[in-house]
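Chain by chain, the residues run as shown.
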Amino acid sequence: MTTEQDTVATWNTYGNHQLARGLELPELDRWDWGIPGTGPGIEVFGDVAGLRILDLGSGLGRHAAHLAARGADVTAVDASPAQHQRAAIRYPDTPGLRLLCADAVAHLRAADPYDLIYSVCSVPYLDPNRLLPVLVNGLKPGGRLIFSALHTNSDGTGPSTEVAPRPEILRLPGTTDDHPVDMWVLTPQLWEDLLVQHGLTMEAVTAIGSPNPDNHVSYRLYTARRSHVDPVPQNDGRTVDRKPTTVPGEATSWPR
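Residues numbered from 1 in each chain as written. Predicted model: local features only at pLDDT ≥ 70, side-chain atom pairs only at ≥ 80, totals over all residues. Heavy atoms only, no water.

## Notes on the packing of aromatic side chains
Two aromatic rings are characterised by how far apart their centres lie and by the angle between their planes.
Then, in step 1: Taken as a whole and assessed by the stated rule, the structure comprises 10 aromatic pairs.
Then, in step 2: Taking 5.1 Å as the distance between ring centres and 80° as the angle between the ring planes, the aromatic pair formed by tryptophan 31 and phenylalanine 45 counts as edge-to-face. Placement of tryptophan 31 in the loop between helix H1 (3–21) and strand S1 (52–56) and of phenylalanine 45 in the loop between H1 and S1 is noted, with a sequence separation of 14 residues between them.
Then, in step 3: With relative accessibility at 3%, the residue tryptophan 31 sits in the buried group.
Then, in step 4: Aromatic pair phenylalanine 147 and tryptophan 191: ring centres 5.2 Å apart, planes at 70°, arrangement edge-to-face. Placement of phenylalanine 147 in strand S5 (residues 139–152) and of tryptophan 191 in helix H6 (residues 188–197) is noted, with a sequence separation of 44 residues between them.
Then, in step 5: Here phenylalanine 147 falls in the buried class, since its relative accessible area comes to 1%.
Then, in step 6: For tryptophan 191, a relative accessible area of 0% puts it in the buried group.
Then, in step 7: Each residue in the set Trp31, Trp33, Phe45 and Tyr118 is aromatic and connected to the rest through ring pairs, giving one cluster.
Then, in step 8: Lying over the aromatic face of tyrosine 114, arginine 52 brings its terminal NZ or CZ to 4.1 Å of the ring centre. (Phe/Tyr/Trp six-rings, centres within 6.5 Å; stacked < 30°, edge-to-face > 60°. Helix = DSSP H or I, 4+ residues; strand = E, 2+ residues; numbered from the N terminus. Buried < 20%, exposed > 50% of the residue type's maximum accessible area, 1.4 Å probe, protein only. Lys NZ or Arg CZ within 6 Å of the ring centre and 35° of its normal.)

This is the structure in structure tokens:
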């Protein structure tokens, strides 16, 4: 199995665990990008009415449903069948919301371009050298990309300085069961370099940290835009060393 296939298997384990628990999470009363009650919220989108939007790694679908209720035309994509099943059970017929179980890269290759693509903590589970060449062409000229990414894990380990996955630990809610998963936890400079390489311009980077000094987990919220000028640059074929760079720590909670 590849790194990303292993990740899908882990999210399937999570999704099946949540289905078995039968726990009903409430609808969103606040939009968070990684740590509840902190950082910017839904205001980063502006007015979404009438926009064609893609949610990458949509999980339960609460974020996508929230935007659909504000008048957006939202496609929510998740590669995990169990996660997709959870969303389909919860939102069987929500106006403005389309749920897909698919690989993000495969979907972006086939779909018409979007006005906005966003992701709440899911982009680091995908190889950026596989995702970004198709993602930029999945945006209309002038379209925006907004995503949050792990920056520091629970052990206090900061981002890697090379474009390579590293092992992190995810814990099933309500248990002590830990599951290893590989993530691309990169510095803001590396993320900007990758985005620029593939035809995007970084507009903002926002730090998201916990007010609890004992919680070392932090995120960064990235906002980028595709140029109005065509053609869009493609992957230049550079290869990277994909060896893990740090010891594993707990990456994040499981809000999806």
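## Notes on H6
Then, in step 1: Listing the buried residues of H6 in full gives Leu190, Trp191, Leu194, Leu195 and Gln197. For H6, the buried positions fall inside an angular range of 165° around the axis, keeping them on one side.
Then, in step 2: The secondary structure elements touched by the buried residues of H6 are helix H5 (128–137), S5, strand S8 (200–209) and strand S9 (218–226).
Then, in step 3: Just beyond H6, the residue with positive phi is glycine 199, at close to 95°. (Arc of directions from axis to C-beta. Contact = heavy atoms within 4.5 Å.)

The values are spatial; any link to function lies outside them.
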